[in-house]
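Here are the chains, one letter per residue:
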Amino acid sequence: MKQSDSAPKVPLSSFKRTKMIATLGPSTDSYEVVLELVKAGANGLRLNFSHGTHESHGRHIRWARKAADAAGKPVAVIQDLQGPKIRLGDFDGIVNVQAGQGYAFVHDEEQVEGHIPVQYDLSKKAKRGERMYIYDGRVKFVITSVRDGVVHAQAENDGILIKRKGINLPDTDFAGDIITAKDKADLVFGSAQDIDYVALSFVQTADDILSLKKLLRSMNSPAKVISKIETKAAVENIEEIVKASDAVMIARGDLAVETKPESVPIVQRQIIGLGLKYARPVIVATQMLASMSEIPEPTRAEVSDIATAVLVGADCVMLSDETASGKYPIEAAKMMKRVITYTESYSPLTVSFNGNEDHSRQASISRAVLSLAENVEAKAIIVETKSGATALHIASLRSRIPLIAVTDNARTAQQLAITYGNKSYVRPADPLAATKLTDWLRQKKVLHKGDIVVTASGRHPGVVGTTDTIKVRVLE
């Protein structure tokens, strides 16, 4: 069975509109488990380049494509870059920290007499007065001086330090220095693989996104860019970052440390609103079903967390450790799908935001398509698309009418896989592509006699930006 050739086995109205991403890792290191994940509802598969090898990632990419073909649906493959590795180095035992005491941090992989090793040269970026949080914010410091390659900091609370724990510097400006040598080597690898998206870690400004896009162009990579929002600076520059990105991921773990835990739900809603405004898919990530890494049932708070993301209009929710290294990867994916579909069935989404300010022809046509479909009570909207832009704009309006994209570009179908409410089919470029797909769905009894369908197409199939025709069709 070829990817995207199968007809839905349930009515279009029963499909989950909020999509799912699952992270691959040791717990999903076989084709059979990857296939189970896709069948359980995963629309995207994430490869975390902080771990694993090029060999293991290449294997997972091949399995992802094979599983997508077997399941008959497009699946997005996401390369998540490590970014600057700001962690403590190796040392024996633990370091007991006392409030008010001073400590010295030096760039070194291993213990240095009288200093605490760090795997990144903080002395080149950090400044006096800036905050430094270690071990998920459990131990807090204020930098008192930086001299001779050593960062001196005073502890604000008692605690312990353990080797290789992460460091957050919410006040530090990394000045665009977030794509490391390792990231560049991983990008070279990814550009030769079947990658749909690259997720950039520790984004601070829109310039970071533009730098990555330039790199991808130089490698002739068709991958789109996902900005990971996990720094204080990113929140301060969020609107420009969203506009520069192709998609956005709210990485709530580091974000909670960099800002304040209580601010994360509000920031999450603000980012989702900007995603709707600029037609950029938004992914909500981190600890959505964290307890299912160890036990087969979620907590009530985790179920509520997923439901909230669905209710406020997220395009996609993501599983990380739950599927990468957890004990119950398939059960976690099935549980996430259950929560999504139940929430969507009983609580119709009504999104309120300032409106899409894009007055381009494409955006205007997209709004007209949706308005017409709602007025005639259409069963489906079928859009011919080359780049996916028209489908993205319609999806950003969050209609409950099923959206079907037909494209001759498999990459576009895969990239649209994590977009709200969309189902994609790959078909040859044809002036009647939307009509032919409608007929096929009618034959497969997905659509029925008397159903009304609204189609959007162009006079030049396969050409980007030429959507100019809207039709209403009553099926016979």
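Preceding this section is the structure that the text describes.
First, a word on what this report is: a plain description of the structure on this page. (Residues numbered from 1 in each chain as written. Predicted model: local features only at pLDDT ≥ 70, side-chain atom pairs only at ≥ 80, totals over all residues. Heavy atoms only, no water.)

**Overview of the overall build of the protein chain**
Part 1 of the argument: When its secondary structure is counted, the protein chain shows 15 helices and 21 strands.
Part 2 of the argument: A compact globule built from 476 residues would reach a C-alpha radius of gyration of about 23 Å, and the protein chain, at 23 Å, matches this within 12%.
Part 3 of the argument: Overall size of the protein chain, expressed as C-alpha extent along the three principal axes, is 80 × 45 × 40 Å.
Part 4 of the argument: For the protein chain, buried positions account for 56% of its 476 residues.
Part 5 of the argument: Considering only contacts within the protein chain whose residues lie at least 6 apart along the sequence, 70% involve residues at least 24 apart.
Part 6 of the argument: Surface accessibility of the protein chain: about 20,500 Å² in total, with carbon and sulfur atoms responsible for 50%.
Part 7 of the argument: Positive and negative side-chain charges in the protein chain, numbering 61 and 56 respectively, have mean positions lying 7 Å apart. (Helix = DSSP H or I, 4+ residues; strand = E, 2+ residues; numbered from the N terminus. Rg over C-alpha atoms; globule rule 2.2 N^0.38 Å. Buried < 20%, exposed > 50% of the residue type's maximum accessible area, 1.4 Å probe, protein only. Contact = heavy atoms within 4.5 Å. Areas by Shrake-Rupley, 256 points an atom, 1.4 Å probe, with all protein chains shown as cover. Lys, Arg positive; Asp, Glu negative; His and termini not counted. Charge placed at Lys NZ, Arg CZ, Asp CG, Glu CD.)

**Topic: the sheet that holds strand E14 (residues 247–251)**
Backbone hydrogen bonds are what pair the strands of a sheet, in a parallel or an antiparallel way.
Part 1 of the argument: If you walk around this closed barrel you meet the eight strands as E1-E2-E3-E12-E13-E14-E15-E16, and the pairing is parallel. Each strand of the sheet is rotated relative to its neighbour by a mean of 25 degrees, with strand direction disregarded.
Part 2 of the argument: Where strand E13 (residues 224–229) and E14 come together, four bridges link them in parallel fashion. Among the inter-strand pairings, Ile226 is bridged to a residue of E14, identified as Ala247.
Part 3 of the argument: Its contacts with the sheet place helix H2 (residues 54–71) against strand E1 (19–24), strand E2 (44–48) and strand E3 (76–80), and it is angled at close to 175 degrees to E2. (Pairing = 2+ DSSP bridges. Axes fitted to C-alpha atoms, helices over the stretch in contact; angles between N-to-C directions.)

**Examining the sheet that holds strand E5 (residues 102–107)**
Part 1 of the argument: In space, the six strands of this open sheet follow the order E6-E5-E9-E8-E7-E11, with mixed pairing throughout. Because the sheet does not close on itself, it has two edges, and the strands there are strand E6 (116–118) and strand E11 (167–168).

**A closer look at the pairing of strand E4 (residues 94–97)**
Part 1 of the argument: Only one face of E4 is buried, namely the one carrying Val95 and Val97, since none of Ile94 and Asn96 on the opposite face is buried.
Part 2 of the argument: When E4 meets strand E10 (residues 159–162), the two strands line up antiparallel, connected through four bridges. Bridging across to E10, Asn96 finds its partner in Ile160.

**Looking at the nonpolar core**
Part 1 of the argument: By size, the foremost hydrophobic cluster in this structure holds 98 residues, and its most contacted members are Leu45, Phe105, Phe141 and Leu161.
Part 2 of the argument: Not counting chain neighbours up to four residues away, the residues in contact with Leu45 comprise Ile21, Ala22, Leu24, Val34, Leu37, Val38, Ala64, Val75, Ala76, Val77 and Ile78.
Part 3 of the argument: Formed by 17 residues, the second largest nonpolar core is a distinct cluster that contains Val383, Ala391, Ile401 and Leu403. (Core = buried A, V, L, I, M, F, W, Y, C linked by side-chain atoms within 4.5 Å.)

**Observations concerning the pairing of strand E19 (residues 422–426)**
Part 1 of the argument: Judged by how many residues are buried, E19 sits mostly within the fold: four of five residues are covered.
Part 2 of the argument: Taken together, the five bridges between strand E18 (residues 403–407) and E19 define a ladder with parallel strand orientation. Residue pairing for E19: Ala405 is matched across the bridge by Ser424.
Part 3 of the argument: In this view, the connection linking E18 to its parallel neighbour E19 by way of helix H14 (residues 410–415) has right-handed handedness. (Right-handed = clockwise from strand over helix to strand, strands pointing away.)

**Quick word on the side chain of Asn48**
Part 1 of the argument: Inspection of the secondary structure assignment puts Asn48 in strand E2.
Part 2 of the argument: The exposure class assigned to Asn48 is buried, which follows from its relative accessible area of 17%.
Part 3 of the argument: Only 3.0 Å separates the side chain of Asn48 from the backbone nitrogen of Ser50, close enough to count as a polar contact.
Part 4 of the argument: If we skip the residues at most four places from it in the chain, Asn48 touches Thr23, His57 and Asp80. (Polar contact = N/O pair within 3.5 Å; in protein donor to acceptor, adjacent residues only side chain to side chain.)

**Regarding the packing of helix H12 (residues 361–375) against helix H13 (residues 389–396)**
Part 1 of the argument: Interhelical geometry of H12 versus H13 gives an angle of 55 degrees and a closest axis separation of 9 Å. Taken together, the axes of H12 and H13 are oblique relative to one another. H13 is crossed by H12, and the crossing has right-handed handedness. Residues Gln362, Ala363, Ser366 and Val369 of H12 form the contact with H13, whose participating residues are Ala389, Thr390, His393 and Ile394.
Part 2 of the argument: Along the lines of polarity and charge, the residues of the contact of H12 with H13 split into four nonpolar, four polar and no charged. (Parallel < 35°, antiparallel > 145°, perpendicular 65-115°, else oblique. Left-handed = near helix turned anticlockwise from the far one by under 90°. Nonpolar A, V, L, I, M, F, W, Y, C, P; charged D, E, K, R; others polar.)

Everything listed here is a matter of geometry and, on its own, says nothing about what the molecule does.
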